[in-house]
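Structural description and commentary
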Amino acid sequence: MDIVRIISTVIYILIVLFILRQILPVKGLKNLSSDDLKQRIMKDENLVLIDVRRPAEYRQGHIPNALNYPLSQLRKCVKEIPRDKEILIYCRNGMRSRHAGRILKGKGFSNIAQLRGGLVWWEGKTKKIS
């Protein structure tokens, strides 16, 4: 096997692993439907709702009472997130919240759920900031 073929094979394997990591579920991260999330928000005050989108996206419309910790800054803000509450995370379509769940799990959080499909699938109210 020549060096070009070896390098091509390694690159192919790395790409496949990267794609699988993006689409496979995060162990221990619960997926909630829009209805499930609405019920949790209405009945449980022992939770923290986190929007991991960019601030400009958050201002355009977010779930009421959600905190904005952009994914790009989540590692820096993790100390601000209470560990004794359920953490509910969402983004636009579910990709960033899945990644955020992976980060939070790695930081020792255990009670985490995400909105399946993100804000695109949310059927509740949103709040804009002018």
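Here is a short report on the structure shown in this document. (Residues numbered from 1 in each chain as written. Predicted model: local features only at pLDDT ≥ 70, side-chain atom pairs only at ≥ 80, totals over all residues. Heavy atoms only, no water.)

Broken down by element type, the protein chain carries five helices and five strands. Starting at the N terminus and walking to the C terminus, you meet the elements of the protein chain as α-β-α-β-α-β-α-β-α-β. Burial status across the protein chain gives 38% buried among its 130 residues. Look at the contacts in the protein chain between residues 6 or more apart in sequence, and 71% of them connect residues 24 or more apart. Here the protein chain has roughly 8500 Å² of accessible surface; of this, 56% comes from carbon and sulfur atoms. (Helix = DSSP H or I, 4+ residues; strand = E, 2+ residues; numbered from the N terminus. Buried < 20%, exposed > 50% of the residue type's maximum accessible area, 1.4 Å probe, protein only. Contact = heavy atoms within 4.5 Å. Areas by Shrake-Rupley, 256 points an atom, 1.4 Å probe, with all protein chains shown as cover.)

Before going further, it helps to examine the layout of surface pockets. The volume enclosed by the largest pocket comes to roughly 280 Å³. Ile41, Met42, Ile63, Pro64 and Asn65 are, among the 14 residues lining the largest pocket, the residues nearest its centre. Within the residue set of the lining of the largest pocket, elements represented by two or more residues are helix H2 (34–43) and strand S2 (47–51). Residues belonging to the lining of the largest pocket are distributed by class as follows: eight nonpolar, two polar and four charged. (1 Å grid on protein atoms, 1.4 Å probe; cavity = no way out; pocket = protein on both sides within 12 Å on 5 of 7 lines; lining within 4 Å. Points joined across faces, edges and corners; volume = space filled by probe spheres on them. Nonpolar A, V, L, I, M, F, W, Y, C, P; charged D, E, K, R; others polar.)

Once that is clear, we can look at the packing of aromatic side chains. This model, assessed by the stated rule, comprises zero aromatic pairs. For arginine 83, the ring lying beneath its charged end belongs to phenylalanine 109, and the centroid distance is 4.2 Å. (Phe/Tyr/Trp six-rings, centres within 6.5 Å; stacked < 30°, edge-to-face > 60°. Lys NZ or Arg CZ within 6 Å of the ring centre and 35° of its normal.)

Moving on: the state of the cysteines. Covalent bonding between the sulfur atoms of two cysteines is what defines a disulfide. Under the counting rule described, the total for this entry stands at zero disulfides. As a non-bridged cysteine, cysteine 77 has cysteine 91 as the owner of its nearest cysteine sulfur, 16 Å distant. A residue is classified by how much of its surface remains accessible, and cysteine 77, at 11% relative accessible area, is buried. (Disulfide = S-S within 2.5 Å.)

Spatially, S1-S5-S4-S2-S3 is the arrangement adopted by the five strands of the open sheet, whose pairing is parallel. With one partner strand each, in any of the chains shown, strand S1 (30–32) and strand S3 (67–68) form the two edges of the open sheet. On top of the sheet, helix H5 (residues 95–106) reaches strand S4 (86–90) and strand S5 (112–115); it is set at about 150° to S4, its chief contact. (Pairing = 2+ DSSP bridges. Axes fitted to C-alpha atoms, helices over the stretch in contact; angles between N-to-C directions.)

We now examine the side chain of glutamate 57. Counting through the fold element by element, glutamate 57 comes out in helix H3 (residues 55–60). Accessibility expressed as a relative area gives 11% for glutamate 57, which makes it buried. Looking at glutamate 57, its side chain comes within polar contact range of the main-chain nitrogen of arginine 54, at 2.9 Å. Apart from residues no more than four positions distant in its own chain, glutamate 57 is found in contact with Arg92 and Arg96. (Polar contact = N/O pair within 3.5 Å; in protein donor to acceptor, adjacent residues only side chain to side chain.)

Excluding glycine, most residues fall at negative phi; most peptide bonds, likewise, are trans. With a phi close to 75°, asparagine 65 is a non-glycine residue in the positive phi region. Positionally, asparagine 65 belongs in the loop between H3 and S3.

Take the nonpolar core next. Ranked by internal contacts, the top residues of the largest apolar core, which has 19 residues, are Ile50, Leu74, Ile81, Ile87, Ile89 and Leu104. Listing elements by their share of this core, those giving two or more residues are S2, helix H4 (74–77), S4 and H5. With three residues, the top contributor of residues to this core is H5. Leave out the neighbours within four places in its chain, and isoleucine 87 touches Val48, Ile50, Ile81, Pro82, Leu104, Phe109, Asn111, Ile112 and Ala113. Within the second largest apolar cluster, 13 residues are counted, among which are Leu37, Tyr58, Ala113 and Trp122. (Core = buried A, V, L, I, M, F, W, Y, C linked by side-chain atoms within 4.5 Å.)

So yeah, pure geometry; function would need other evidence.
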